[in-house]
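Residues per chain, in single letters:
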Amino acid sequence: MSPIDLESVAATACAAADLARAEILPRFRSVVVETKRDGSPVTEADRAAERAIRKRLHEDFPDFSILGEEYGAEGRRGGPEWIIDPIDGTIGFSRGIPLFSTLIALAVDGEPVMGLIDLPALDERYVGWKGGGCRRNGVPTRVSQETDLQRAIISHGDPFCFDERGERPAFERMAREIPMLRGYTDAFGYAQVLGGGIAAMVDMGLRIWDIAPVQILVPEAGGRCVTLSEHAGTFGLVVGSPPLVDQLLAFLSRR
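Residues numbered from 1 in each chain as written. Predicted model: local features only at pLDDT ≥ 70, side-chain atom pairs only at ≥ 80, totals over all residues. Heavy atoms only, no water.

## Overview of the sheet that holds strand β5 (residues 81–88)
Pairing between sheet strands relies on hydrogen bonds along the backbone, with the strands arranged either parallel or antiparallel. Put simply, the rule is: A pair of strands is labelled paired if DSSP reports no fewer than 2 bridges between them. Segments assigned H or I by DSSP are reported as helices when at least four residues long, segments assigned E as strands when at least two residues long, and all are numbered from the N terminus. Contact criterion: two residues are considered in contact whenever any of their non-hydrogen atoms come within 4.5 Å of each other. Axis angles are defined between N-to-C directions and span 0 to 180 degrees, where every axis is a line fitted to C-alpha atoms and, for a helix, only to the segment in contact.
As summarised here, the arrangement of the eight strands in space is β4-β3-β5-β6-β7-β8-β9-β10, forming an open sheet in which the pairing is mixed. Edge positions in the open sheet fall to β4 (72–74) and β10 (139–140), since each of these has one partner strand only. Bridge count between strand β6 (residues 101–108) and strand β7 (residues 111–119): seven bridges; the pairing is antiparallel. Pairing of alanine 105 across the sheet is with glycine 115, part of β7. Taken strand by strand, helix α2 (residues 44–60) contacts β3 (65–68), β4, β5 and β6, and its axis lies near 155° from that of β5. Along the sheet, helix α6 (residues 186–195) contacts β5, β6, β7, β8 (124–129) and β9 (133–136); its crossing angle with β7, the most-contacted strand, is approximately 105°.

## Here we look at the nonpolar core
Operational definition: For this analysis, a nonpolar core means a set of buried residues of the types Ala, Val, Leu, Ile, Met, Phe, Trp, Tyr and Cys, connected via side-chain atoms within 4.5 Å. The cut-offs for exposure are 20% and 50% of the maximum accessible area for each residue type, with area from a 1.4 Å probe on protein chains only; residues under the lower value are buried, those over the upper are exposed, and the others partly exposed.
The biggest cluster of nonpolar side chains holds 29 residues, and the ones touching the most others in it are Trp82, Ile104 and Met114. Elements with a minimum of two residues in this core: α1 (6–24), α2, β5, β6, β7 and β8. At nine residues, α1 tops the list of elements feeding residues into this core. Leave out the neighbours within four places in its chain, and methionine 114 touches Leu6, Val9, Ala10, Ala13, Trp82, Ile104, Ala105, Leu106, Gly128, Trp129 and Ile216. Listed in part, the 24 residues of the second largest apolar core include Ile117, Tyr126, Phe188 and Leu237.

## Focus: the packing of α1 against α2
Spelled out, the test is: Here roughly perpendicular refers to angles of 65 to 115 degrees, roughly parallel to angles under 35, roughly antiparallel to angles over 145, and oblique to all remaining angles. By the definition used in this description, the sense in which the near helix is turned from the far one sets the handedness, with an anticlockwise turn below a right angle giving left-handed and a clockwise turn giving right-handed. Under the convention adopted here, Pro, Cys and the residues Ala, Val, Leu, Ile, Met, Phe, Trp and Tyr are nonpolar, Asp, Glu, Lys and Arg are charged, and Gly plus all remaining residues are polar.
Their axes nearest at 8 Å, the elements α1 and α2 cross at an angle of 155°. Looking at the two axes, α1 sits roughly antiparallel to α2. Crossing geometry of α1 relative to α2 is assigned as right-handed. Side by side, α1 and α2 meet where Thr12, Ala13, Ala15, Ala16, Leu19, Ala20, Glu23 and Ile24 of the first sit next to Ala45, Ala48, Ala49, Ala52, Ile53, Arg56, Leu57 and Asp60 of the second. Its residues assigned to classes, the contact of α1 with α2 comprises 12 nonpolar, one polar and three charged.

## So, the pattern of salt bridges
Here is the rule we go by: Within this document, salt bridges are pairs made up of a side-chain nitrogen of Lys or Arg and a carboxyl oxygen of Asp or Glu, the two lying within 4 Å of each other.
In this structure the tally under the stated criterion is 20 salt bridges. In this structure, glutamate 69 and lysine 36 form a salt bridge, with 3.5 Å as the shortest nitrogen-oxygen distance. With a gap of 33 residues between them, glutamate 69 in the loop between β3 and β4 and lysine 36 in the loop between β1 (33–35) and β2 (41–43) connect regions that are remote in the sequence. For glutamate 74, the salt bridge identified is with arginine 54, shortest N-O distance 2.6 Å. Of this pair, glutamate 74 sits in strand β4 while arginine 54 sits in helix α2, placing them 20 residues apart in sequence. Among the ionic contacts, a cluster of salt bridges with common partners joins Asp18, Arg21, Asp118, Asp123 and Arg125.

## Looking at the layout of surface pockets
Put simply, the rule is: Using a 1 Å grid laid over the protein atoms alone, points where a 1.4 Å probe fits but cannot get out form a cavity; open sets with protein on both sides within 12 Å along at least 5 of 7 lines form a pocket; any residue with an atom within 4 Å of a point counts as lining. Grid points are joined across faces, edges and corners, and a volume is the space filled by probe spheres set on the points.
In this structure, the largest pocket encloses a volume near 880 Å³. Together, 32 residues line the largest pocket, and Ser40, Glu69, Asp186, Gly205 and Asp210 are the ones closest to its centre. Elements with a minimum of two residues in the lining of the largest pocket: β5, α3 (90–94), α4 (159–164), α6, β13 (200–206) and α7 (208–220). With four residues, β13 is the largest single contributor of residues to the lining of the largest pocket. For the lining of the largest pocket, the residue count by class is 11 nonpolar, eight polar and 13 charged.

## What about α6?
Summarising burial for α6: seven of the 10 residues are buried, a large majority. Following α6 by one or two positions, glycine 196 adopts a phi angle in the positive range, close to 90°.

## Concerning the environment of alanine 250
Relative to the helices and strands, alanine 250 is located in the segment after α8 (242–249). When the C-alpha positions of alanine 250 and glycine 222 are compared, they lie 21 Å apart, and in sequence the two are 28 residues distant.

## Describing the environment of alanine 52
With respect to the element layout, alanine 52 can be found in helix α2. For the pair alanine 52 and glutamine 145, spaced 93 residues apart in sequence, the C-alpha to C-alpha distance is 38 Å. Excluding residues that lie within four positions of it along the chain, alanine 52 makes contacts with Leu19 and Glu23.

Following this line, the structure appears as structure tokens:
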């Protein structure tokens, strides 16, 4: 297989994210919420955005397979694979909270090589690829290099996900020992890590489409990204300033 032009891949991902915005924003604060078989929420905005993303990705790279949250897998497995979540943070989106995002990644041999986090309501987009760095709206970003948990803003995902992984003691310890522990959840939190405002984030209960863009964007922004082992079909992430990631990993009982 010939080398992949990752800059062209990123351009296609951006074009797909533009199409997703066109489906999502007109429905924001005016959408009906349904419940999927797994109990998670979904809206027509999720479905319409994923259809638009898939169409554009397939047009530009017809030989790449696609895995998306709403419509599953398509295409020949084993080669490059697009991984997409049309709306990360559907609960917030459905309740009028503007911190939702669109996630797109390209993985080769299971390793993400390009990632995109788009925040439509905030008009911010983070894009990066292997060896290309990370940019927010075209401007390079860098993860915080903070070393002291007492000075850092640390973010976390939903506490019940810590329970599911058996890590409630780690969450309680963070709550006791970290002065600025804040719940900036979903990919919005990761975007703030990429921008340097949040120094590190600990999250659990994640699917592959949640973690794939982060796994490439954080290192490209000069940070460390540690993926916690699969547990009950989900993963965890500890990302951000390398010294703080090391310290936060020590809070956990299992990796």
